[in-house]
Amino acid sequence: MSVVRTIFLQCGPSVSHFSTSSYSGNSGSVKFTVSCSSVASPATVVIGNVDKKPSERNEVRLGLPSKGRMATDTLDLLKDCQLSVRQVNPRQYVAEIPQISNLEVWFQRPKDVVRKLVSGDLDLGIVGLDIVKEYGQENEDLIIVHDALDYGDCRLSLAIPKYGIFENINSLQELAQMSQWTPERPLRVATGFTYLGPKFMKENGLKHVTFSTADGALEAAPAMGIADAIVDLVSSGTTLRENNLKEIEGGTILESQAVLVASRRSLMQRKGVLDITHEMLERLEAHLKAVGQFTVTANMRGKSAEEVAERILSQPSLSGLQGPTVSPVFTKRDGKVAADYFAIVICVPKKALYKSVRQLRAIGGSGVLISPLTYIFDEETPRWRQLLSKLGL
């Protein structure tokens, strides 16, 4: 059974209220402090599995981010997979994907997507892996269906100042060995990741640490003197450098990007979820595999298809996915049909495109045509087999 705890935090407009909790385990505990500067609001924490059947409804629900770059990139990806989301009113939080019947799209905050997957109010979701790990808290009901949607790339990292007592500190081990940290004067870390942050510190042997929660502009916390370090998402690292902060060796907590996540209970118990997941997975895999790939078609003289294929395969950039397709080109000469030319078709990655064209010309290729690929469907999607294995099917 799960344990659900609701905490009400209330603060006045100019008063900060603090509550202290801890991440504990066999080798001690790491304390963190929760601060609040808003009116009373409930924060629900779900621990462990939720032993209940999916709620009674017929529709399958997909949760998507409601705002920001992640929301835009998610809609773009789905559109590229011929799964355009149709939203009648931009102010509405529910939409549909006409290509998939019985599927509702719900726009939510990323953390609420994860929470509602756990509670059974959503069946599928697309969010960052960092959000899944922070708010899913290793809940066994959550299954990562596709772990690399190729956008939203970032990393959750520990960062410290470049100056002062940290000037010569360049690794997590050196940070942990600093004599300054005591129960009376712990390392103060500002973060919005109050699950992953304390968990990481405990697992890496940093005992005297306190965490204060903060949303936005974390990079200013050390300069203001309210924290010694921060744990935050980093993309390019430019913002850290501009605020005289640095990442350290061993301080990367998590590499993250957008993922497709599902509820195990929904996949196993709700009608239609597994089939819809299969279709979405196939479309996503086919599109992502085709990104950056081009079809190259050319004509080439030769005595036989085998002889032409041998010439093509002698060039390192012309092997394609599984090898070239070679077929005769029929022409009529002196009233007779002849096959002096052969058409060859190969798949080439963008970075090797011009090199491949030059190699084709060098072995007699002409009339070279280039076209981008939209989809590459495998005989069977590898991640589908992996999902079935996780479900024991």
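The text that follows walks through the structure, step by step, so that each part is easy to find. Quick caveat: nothing in here was measured; it's all calculated off a predicted structure. (Residues numbered from 1 in each chain as written. Predicted model: local features only at pLDDT ≥ 70, side-chain atom pairs only at ≥ 80, totals over all residues. Heavy atoms only, no water.)

1. Let's talk about the pattern of salt bridges
Link 1 in the chain: Using the criterion set out here, one finds 19 salt bridges in the structure.
Link 2 in the chain: The partner of arginine 69 in a salt bridge is aspartate 73, and the shortest N-O contact between them spans 3.1 Å. One end of the pair is arginine 69 and the other is aspartate 73, both in helix 1 (residues 68-80) and four residues apart, which spans about a single turn.
Link 3 in the chain: Of the residues examined, arginine 69 reaches a relative accessible area of 65% and is grouped as exposed.
Link 4 in the chain: Of the residues examined, aspartate 73 reaches a relative accessible area of 19% and is grouped as buried.
Link 5 in the chain: The network of salt bridges with common partners includes Arg57, Asp123 and Arg270. (Salt bridge = Lys/Arg side-chain N within 4 Å of Asp/Glu carboxyl O. Helix = DSSP H or I, 4+ residues; strand = E, 2+ residues; numbered from the N terminus. Buried < 20%, exposed > 50% of the residue type's maximum accessible area, 1.4 Å probe, protein only.)

2. Digging into the pairing of strand 18 (residues 336-349)
Link 1 in the chain: The pairing of strand 16 (residues 293-301) with strand 18 spans nine bridges and is classified as antiparallel. Counted as the bridge partner of arginine 301 is tyrosine 341 from strand 18.
Link 2 in the chain: Two strands pair when backbone bridges link them, and strand 17 (residues 325-333) and strand 18 are joined in this way by eight bridges, in the antiparallel orientation. From the neighbouring strand, threonine 331 faces strand 18, where its bridge partner is alanine 338.
Link 3 in the chain: Remark: two residues form the turn of the hairpin made by strand 17 and strand 18, two consecutive strands paired antiparallel; aspartate 334 in that turn has positive phi of roughly 55°. (Pairing = 2+ DSSP bridges.)

3. Here we look at the nonpolar core
Link 1 in the chain: Judged by nonpolar contacts, the single largest core of 36 residues is most densely connected at Leu158, Leu175, Leu187, Val189 and Met201.
Link 2 in the chain: What leucine 175 contacts, discounting residues up to four positions off in sequence, is Leu158, Ile160, Phe166, Ile169, Trp181, Leu187, Leu206 and Ile248.
Link 3 in the chain: Ranked by size, the runner-up nonpolar core spans 34 residues in total, among them Ile97, Leu149, Leu260 and Leu274. (Core = buried A, V, L, I, M, F, W, Y, C linked by side-chain atoms within 4.5 Å. Contact = heavy atoms within 4.5 Å.)

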